[in-house]
Amino acid sequence: MKNLQIKTRLLGGFVTVIVLSVIITIIAIFSLSHTRGNYNSVINGSIHHTTTLIKARLHSNMMGKYVRDMILEDNNTNLQTYEKQFREAQASLEEEINLLKTHYGQTYNEINQYSDKLTTWISEADRVILYRQSGADDEALTLLRESCIPLLAESAAIAEQFEDLLNMEEEKVLENTIKTAEVLELLIIILLIVSAIISFAFAVFLTRSITEPIKEVQMVAKKCPKAI
């Protein structure tokens, strides 16, 4: 019966250590997976969309440059080149704006304001191009100064506000990731300490279960009379 109890205790000790090791491993894997998922979310989310916003701002500035160059240009052939470049940049800009509106149109009104402001600006830029093509240079220049340039500046201000929101979102996700990692790290440390204590106690118990019976046998042997 005593041997059965020892056997049960030994089995229980082994099982406890194995279970704790499995739990620690699972938590570590979950922690790594959770951290990787959050970082992928940041990279494919706010960072990617911030890059898209930067591209949109770049294309809008390029469009503004092309309109300005059309007013300064005397060669009609170059006017066609500038307009072609303007339309190519416009296509890229609209694609980028649509992507941002798809992801954030219901979350941040700034992207909708930015889109509306750019739409108004493009409409005014189209009028500048038409004036320039028809030879109404003074009207084109006046419209550029009084309408296009202010609209482009206003759109840039809205874009900066939207970019700040994306940066805040990125920082929030990273902060939550760090906090979660710290909690999981603390939990793993606690489980490692508990596992070490249990393993030590199990080792002590195993040692005593082996050495004590041997000591008892030795004591009995010493008490028995020596054979003559």
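Details of the structure are given in the entry above.
A quick note: this is a predicted structure, and the numbers were derived from the prediction, not measured.

K.L.:
Quick rundown of the packing of helix 2 (residues 76–104) against helix 3 (residues 109–133)? Include the residues and the values.
P.N.:
In contact at an axis separation of 11 Å, helix 2 and helix 3 are set at 165° when each is read in the N-to-C sense. With respect to their mutual orientation, helix 2 and helix 3 come out roughly antiparallel. Crossing geometry of helix 2 relative to helix 3 is assigned as left-handed. Facing helix 2, whose interface residues are Leu79, Glu83, Phe86, Arg87, Gln90, Leu93, Ile97, Leu100, Lys101 and Tyr104, helix 3 presents Ile111, Asn112, Tyr114, Ser115, Leu118, Trp121, Ile122, Ala125, Asp126, Ile129, Arg132 and Gln133.

K.L.:
I'd like to hear about the pattern of salt bridges, residue by residue, with values.
P.N.:
Enumeration according to the criterion identifies ten salt bridges in this entry. The closest approach of N and O atoms between arginine 87 and glutamate 83, which form a salt bridge, is 4.0 Å. Note that arginine 87 and glutamate 83 are positioned in helix 2 at a spacing of four residues, about one turn of the helix. For glutamate 83, a relative accessible area of 23% puts it in the partly exposed group. Residues aspartate 137 and arginine 132 are paired through a salt bridge, measuring 3.4 Å at the closest nitrogen-oxygen approach. A relative accessible area of 35% places aspartate 137 in the partly exposed class.

K.L.:
Mind laying out the environment of threonine 81, listing which residues take part and the relevant values?
P.N.:
As for its placement among the helices and strands, threonine 81 is situated in helix 2. Here threonine 81 falls in the partly exposed class, since its relative accessible area comes to 37%.

K.L.:
Requested: an account of the packing of aromatic side chains, with residues and values cited.
P.N.:
If you walk through the whole model with that rule in mind, you get four aromatic pairs. Ring plane angle 25° and centroid distance 5.7 Å describe the contact between tyrosine 104 and tyrosine 108, whose orientation is recorded as stacked. With respect to burial, tyrosine 104 and tyrosine 108 carry one shared label: buried. Between the aromatic rings of tyrosine 108 and phenylalanine 162, the centroid separation amounts to 6.2 Å while the plane-to-plane angle is 65°, which identifies the pairing as edge-to-face. Here tyrosine 108 is found in the loop between helix 2 and helix 3, whereas its partner phenylalanine 162 is found in helix 4 (residues 137–223), with 54 residues between them in sequence. With relative accessibility at 17%, the residue tyrosine 108 sits in the buried group. Put simply, the rings of Tyr104, Tyr108 and Phe162 pair up and form one aromatic cluster.

K.L.:
Can you tell me about helix 3, naming the residues and giving the values?
P.N.:
Across its 25 residues, helix 3 extends 36 Å between first and last C-alpha, which sits within 8% of the 36 Å expected from 1.5 Å per residue. Residues Ile111, Asn112, Tyr114, Ser115, Leu118, Trp121, Ile122, Glu124, Ala125, Val128, Ile129 and Arg132 constitute the buried set of helix 3. A positive backbone phi angle near 90° is found at glycine 135, which sits one or two residues after helix 3.

K.L.:
Can you lay out the nonpolar core for me, pointing to particular residues and giving the numbers?
P.N.:
Counting 34 residues, the largest nonpolar core has Phe86, Tyr114, Trp121, Val128 and Phe162 as its most contacted members. Elements that contribute at least two residues to this core include exactly helix 1 (2–72), helix 2, helix 3 and helix 4. Considering each element in turn, this core owes the most residues, ten residues, to helix 4. Excluding anything up to four places from it in sequence, tryptophan 121 contacts Ser60, Met63, Gly64, Phe86, Cys148, Leu151 and Leu152. One finds Leu20, Leu184, Ile188 and Leu191 within the second-largest nonpolar core, a separate group that totals six residues.

How each quantity is defined
Residues numbered from 1 in each chain as written. Predicted model: local features only at pLDDT ≥ 70, side-chain atom pairs only at ≥ 80, totals over all residues. Heavy atoms only, no water. Axes fitted to C-alpha atoms, helices over the stretch in contact; angles between N-to-C directions. Helix = DSSP H or I, 4+ residues; strand = E, 2+ residues; numbered from the N terminus. Parallel < 35°, antiparallel > 145°, perpendicular 65-115°, else oblique. Left-handed = near helix turned anticlockwise from the far one by under 90°. Contact = heavy atoms within 4.5 Å. Salt bridge = Lys/Arg side-chain N within 4 Å of Asp/Glu carboxyl O. Buried < 20%, exposed > 50% of the residue type's maximum accessible area, 1.4 Å probe, protein only. Phe/Tyr/Trp six-rings, centres within 6.5 Å; stacked < 30°, edge-to-face > 60°. Expected span 1.5 Å × (residues − 1). Core = buried A, V, L, I, M, F, W, Y, C linked by side-chain atoms within 4.5 Å.

So far we have only geometry, and geometry alone does not tell us how the molecule works.
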